[in-house]
Amino acid sequence: MIEDKNPKRTPLSELGEFKLIEHLTSHFKLSQKSTLKGIGDDAAILNFGDKAAVVSTDLLVEGVHFDLSYVPLKHLGYKAVMVNLSDIYAMNARATQITVSIAVSNRFPLEALEELYAGISTAAELYNVDVVGGDTTSSTSGLIISITAIGEVEKDKQVLRSGAKPNDLLVVSGDIGGAYMGLQILEREKEVFKVNPNSQPDLSMYTYIVERQLKPEARKDIVELLEQLDVKPTSMIDISDGLSSEVLHLCKQSQVGVDVYEDKIPLDPQVIATCEEFNIDSTTIALNGGEDYELLMTIAQEDYPKIKGNPNLTVIGYMTEEDKGMHLVTRAEEKIPIIAKGWNALNNQP
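If you're wondering where the values come from, they're calculated on a predicted model, not measured in any experiment.

A. Structural context of the pairing of strand β10 (residues 295-299). Across the five residues that make up β10, a large majority, five, are buried. Because side chains alternate across β10, one face comprises the buried residues L295, M297 and I299, and the other comprises L296 and T298, equally buried. Pairing analysis gives four bridges linking strand β7 (residues 169-173) to β10, with the strands arranged antiparallel. Residue L169 lies in a different strand from β10, and its bridge partner there is I299. One ladder, built from four bridges, connects strand β8 (residues 235-238) with β10; its direction is antiparallel. When the sheet's bridge partners are listed, S235 is paired in β10 with T298.

Okay, here's the thing in structure tokens:
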């Protein structure tokens, strides 16, 4: 197929704010019984009855959280939704609605925003959440996306960061470190492209980790799995800023210590191979990488038989008394204090 070198570009000024909102959101359908009123009024109206409402919001800023030189707008829209849904699932809740707000500069035509919203729409459909509102405004510094996610949970099933107890097991879903190494690959190929714009990167060797960076999945399935297994975590958090940071959050909120075992941390073979290629220690990446959006939780020891052998869940440590501190137990059986060196959005450094 011949690529159109002059695709249609519709200036946003042709539409104005309200017509733009109507154009981008007219195809959103409502599927949740709790959505009484969606887009089109001053506010959405939601009805949760006797359940608790859960709300979380995140802001993604161009040049800080994403680089459009290698992040497709459709993937960005999808990821922006995942980032927020992950927080809802970390409360052991069910995500039901989102609102989407964007600030955009005049370098973006309507067709670019259509791509962004196509990703948002795909995520909303796959995860069965309603898009019920938002805002658009102009920006002098590129693209800014703010999504608020809303969910519901029965009050006796909600899980906080503060419920861990000594002797609880520390459990993680999936594997970690992939998103950070995917970012390293994309950044490397960007630098190659700068030197030789005719160079086309071959990412076939890095498919899994690049997807972990560009198109992560929130772990709705883990919340559903825990319910099927009749396991209610004592505490839970999503891994957005790196394993070490999230472990410290759980310990601080629950007033406990922890021993995390290096040899138990789940790593995909592609992560290990890419770390070797970059001459980076894979454990350091697992601890500090971030953006994996896996769920980190603690469970009571009596629930261990229910998760034993499940390929989606890995026990990586156990909680201790607070005065015993927070440690990584290395493969050499040395105890090293855990220090948070994960993603810091305020200085844009991992």
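Back to the write-up after that little detour.
B. Just the sheet that holds strand β4 (residues 94-104), in detail. With mixed pairing, four strands are arranged side by side in an open sheet as β3-β6-β4-β5. On the outer flanks of this sheet lie β3 (52-61) and β5 (130-138), each paired with one strand and no other. Looking at each pair of strands side by side, their axes are set apart by 15° on average, direction ignored. Along the sheet face, helix α2 (residues 73-89) touches β3, β4 and β6 (144-153) and points at about 35° away from the line of β6. Sheet strands in contact with helix α3 (residues 110-126) are β4, β5 and β6, and its direction is about 170° off that of β4.

C. A look at the sheet that holds strand β9 (residues 257-261). Spatial strand order, β8-β10-β7-β11-β9-β12-β13: seven strands in an open sheet with mixed pairing. Only two strands of the sheet have a single neighbouring strand rather than two, namely β8 and β13 (335-337). For this sheet the average axis-to-axis angle between neighbouring strands, irrespective of direction, equals 25°. Here strand β12 (residues 326-329) runs beside β13; their pairing, made up of three bridges, is antiparallel. Within β13, the position partnered with L328 by the bridge is I336. Lying on the sheet, helix α6 (residues 220-228) is in contact with β7, β8, β10 and β11 (313-320); it crosses β10 at an angle near 20°.

Procedures and definitions
- Numbers given for residues are sequential positions, taken from 1 along each chain in its written order.
- The model is predicted, so local features are restricted to residues of pLDDT at least 70 and side-chain atom pairs to those at 80 or more, both for listing and for counting; the totals for chains, interfaces and linings are taken over all residues.
- For side-chain calculations, the full set of non-hydrogen atoms in the structure is used, while hydrogens and water are omitted.
- In this scheme, a residue with accessible area under 20% of its type's maximum is buried, one over 50% is exposed, and one in between is partly exposed, where area comes from a 1.4 Å probe on protein chains only.
- Helical segments are the DSSP runs of H or I of at least four residues, strand segments are the runs of E of at least two, and each set is numbered from the N terminus.
- Here, any two strands with at least 2 DSSP bridges between them count as paired.
- A fitted line through C-alpha atoms represents every axis, and for helices the fit uses only the stretch in contact; the resulting angles, taken between N-to-C directions, go from 0 to 180 degrees.
- In this analysis, two residues are considered to be in contact whenever any of their non-hydrogen atoms come within 4.5 Å of each other.

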